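Structure assessment
In case you want the letters, here they are:
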2 protein chains.
Amino acid sequence: MKIESINNDKVKTWSKLKEKKYRDLNNMFIIEGDHLLNEALKKGVVLEIISTDKTWESSNLPFYEVTDAIMKKLSSQITPSKVIGICKKLETKEISGNVCILDNIQDPGNLGTIIRSAIAFNINTILMSNDTVDLYNEKVIRASEGMIFNLNYQKGSLNEMITELKNKNYKIYGTDVNKGKSLKEVVFDSKSAIIIGNEGKGMNEQLQPLCDNLIRIPISSNCESLNAGVAASIIFYEMERINI
Amino acid sequence: MKIESINNDKVKTWSKLKEKKYRDLNNMFIIEGDHLLNEALKKGVVLEIISTDKTWESSNLPFYEVTDAIMKKLSSQITPSKVIGICKKLETKEISGNVCILDNIQDPGNLGTIIRSAIAFNINTILMSNDTVDLYNEKVIRASEGMIFNLNYQKGSLNEMITELKNKNYKIYGTDVNKGKSLKEVVFDSKSAIIIGNEGKGMNEQLQPLCDNLIRIPISSNCESLNAGVAASIIFYEMERINI
C-alpha cells in the first residue's frame with residue numbers, strides 16, 4: 001500500500017536519519033539511487049526499500065511505495081532519486097592488509113573520495129579520529145560511489161588505535177607537506193599504515209612521535225599543498241604493489 | 001565612500017559576473033576571500049577590490065567599501081567573505097612542458113582539483129574541450145585554491161588542439177578504465193600530453209585514433225573507477241620526474 005501522508009510515522013522515522021544523532025541512535029543510515037542501492041544489496045546491509053514507483057517491489061525486502069512529496073522530504077538532493085534504501089551500519093571486522101588512518105578529515109567529499117580510492121588500491125581498513133566527519137553523512141556515501149560498503153572502519157582515539165597497530169607489527173607512516181622522505185623514495189613495509197591529516201592543519205603534531213617514518217609528496221613551490229583526498233590517493237597508489 | 005544601495009550600478013555589474021554569460025561578455029570574473037585575492041594580486045589580474053571593511057583600502061587598486069547586504073548579494077557562499085576581487089580573465093601563453101587535455105569534465109570541484117594538482121606537478125598548460133565546465137565558475141576557482149592564476153589554458157576543439165600538439169612533437173596519452181598499458185609501466189616522453197575523460201563516460205572514443213598510447217591505472221576489481229580528479233592527479237604525479 002502506498003504511503004500518502006507526509007506525517008506517517010514511518011516517514012518521520014526515516015526522515016530523522018538525515019541527522020547524525022538519529023543515525024547513531026538507530027544504528028541505521030539512508031542511501032539514495034539505484035547505484036548505491038545495488039552496492040548495498042551486494043553486502044546485505046539493506047533493511048527497507050522506499051520508492052516512488054514499483055521497480056524495486058519484487059525484492060525480498062520490506063518495500064514501501066511513497067509519493068513524490070515524501071521522497072522530496074527524505075532526499076538530500078535537489079532532484080530526488082526514485083529510490084531510497086534504509087541500511088544498517090557497517091560492522092567492524094579484523095584488521096588486515098594496509099591501513100589508512102584519518103586525523104580530523106572535515107570535508108565529506110574528501111572522506112568519500114578517500115574511501116573510494118582506498119578500496120581501489122586494496123586498502124580495506126580505515127581508522128578515523130573521533131573528530132572526523134560522520135561516515136554516514138550522505139555526501140560521504142555519494143562521493144564514495146558505493147565503495148563504503150566494502151569498508152572496514154573504526155572510529156576512536158588515534159593514540160589507542162595506532163598503539164594497537166604497532167602491537168600488530170604495523171609500520172606507521174605520517175605525512176607532512178614539507179618534511180620527511182619523498183614518497184618516490186619510500187619502500188613501504190608489507191604491513192603499512194598511513195596517516196592523512198586535516199585539510200587545513202595537516203597531521204596533528206602530537207602524532208609524530210608515534211610514526212616510524214614521515215612522508216611528503218614532492219610538489220612545485222608554486223603550490224602550497226595538494227587536496228587531502230588527492231594526497232591520500234597518490235600514497236595509496238604507491239603503497240599498492242601487487243597490481244600491475 | 002561606502003556604497004550603501006544594493007541597486008547601485010556598480011553592484012549590479014559585479015553581481016552579473018556570477019553568470020557565465022556576463023563573465024564572457026566583460027572578460028572578467030569574481031573571486032572571494034583573502035587567500036584567492038593574494039594569489040590573484042601576485043599575478044596582477046585584479047581590477048577592483050570590494051570589501052565590508054577597510055583592510056584592503058590601502059592597495060593601489062580601485063577600492064569600494066560596501067554593506068553586508070551588498071556583500072551577501074555578490075557572494076556565492078553561505079557565509080560571505082569580507083573581501084571580493086574583480087579580475088580580468090587569464091591570457092593564453094605559449095605551450096611548454098607537459099600538457100593536460102580535458103574532455104568534457106563537468107564537475108567544477110573536479111576541474112579545480114585538476115588545476116591544483118597540475119600546477120603542483122609542474123603542468124602549467126591545460127587544454128579544454130568546449131563542453132568542459134566554465135573555468136571561471138566560482139567553485140572551480142575555490143577548489144583550485146588559487147592555482148588557477150598560475151594556469152595557461154585554451155578552450156576549443158580537442159581535435160584541432162591535439163593536432164597542433166602533434167605538430168609540436170608531443171606524444172598523446174589517452175586514458176581508459178580497463179584498456180591500455182598500466183600506468184606503472186609507462187615511461188612518459190619529455191613532451192607528453194595526457195587526456196582526462198568525462199566523469200561518467202570516460203574519454204570520448206573518437207579521440208583514441210589520435211593517441212600514441214592508452215593508459216589505465218590498475219585498481220581492484222571491487223572498484224569500477226577512480227574519481228576523475230584523483231585519476232588525473234596520480235598520472236600527473238607519475239609524469240613529473242624532476243622533483244624528488
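As a starting point, this report considers the structure included with it. (Residues numbered from 1 in each chain as written. Chains lettered and ligands numbered in written order. Predicted model: local features only at pLDDT ≥ 70, side-chain atom pairs only at ≥ 80, totals over all residues. Heavy atoms only, no water.)

**Considerations on the packing of helix 5 (residues 108–120) of chain A against helix 8 (residues 228–239) of chain A**
All names here are of chain A. With their axes 8 Å apart at the nearest point, helix 5 and helix 8 run at an angle of 10° to one another. Between helix 5 and helix 8, the angle is such that the two are roughly parallel. Helix 8 is crossed by helix 5, and the crossing has right-handed handedness. Between helix 5 and helix 8, the residues in contact are Asn-110, Thr-113, Ile-114, Ser-117 and Ala-118 and Ala-228, Gly-229, Ala-232, Ser-233 and Phe-236, respectively. Its residues assigned to classes, the contact of helix 5 with helix 8 comprises five nonpolar, five polar and no charged. (Axes fitted to C-alpha atoms, helices over the stretch in contact; angles between N-to-C directions. Helix = DSSP H or I, 4+ residues; strand = E, 2+ residues; numbered from the N terminus. Parallel < 35°, antiparallel > 145°, perpendicular 65-115°, else oblique. Left-handed = near helix turned anticlockwise from the far one by under 90°. Contact = heavy atoms within 4.5 Å. Nonpolar A, V, L, I, M, F, W, Y, C, P; charged D, E, K, R; others polar.)

**Looking at the relation of the copies chain A and chain B**
Of the transformation placing chain A onto chain B, the axial shift is 0.0 Å and the rotation is 180°, giving an RMSD of 0.0 Å. Here the symmetry operator amounts to a two-fold rotation axis. Both copies share a contact surface, since 100% of the interface residues of chain A are interface residues in chain B too. (Least-squares fit on C-alpha atoms with pLDDT ≥ 70 in both.)

**Brief notes about the pairing of strand 4 (residues 83–88) of chain B**
All names here are of chain B. Judged by how many residues are buried, strand 4 sits mostly within the fold: five of six residues are covered. Pairing between strand 1 (residues 28–32) and strand 4: five bridges, direction antiparallel. Residue pairing in the sheet places Glu-32 in a bridge with Ile-84 of strand 4. Here strand 2 (residues 46–51) runs beside strand 4; their pairing, made up of five bridges, is antiparallel. Bridge pairing links Glu-48 to Ile-86 in strand 4. (Buried < 20%, exposed > 50% of the residue type's maximum accessible area, 1.4 Å probe, protein only. Pairing = 2+ DSSP bridges.)

**Examining the nonpolar core**
Counting residues in each nonpolar core, the largest one holds 112 residues, and the members touching the most others are Ile217(A), Phe236(A), Ile217(B) and Phe236(B). Apart from the residues lying within four places of it in its own chain, the contact partners of Phe236(B) are Cys100(B), Ile114(B), Ser117(B), Ala118(B), Phe121(B), Ile123(B) and Ile194(B). (Core = buried A, V, L, I, M, F, W, Y, C linked by side-chain atoms within 4.5 Å.)

Interpretation note: all reported values are geometric properties and have no functional meaning in isolation.
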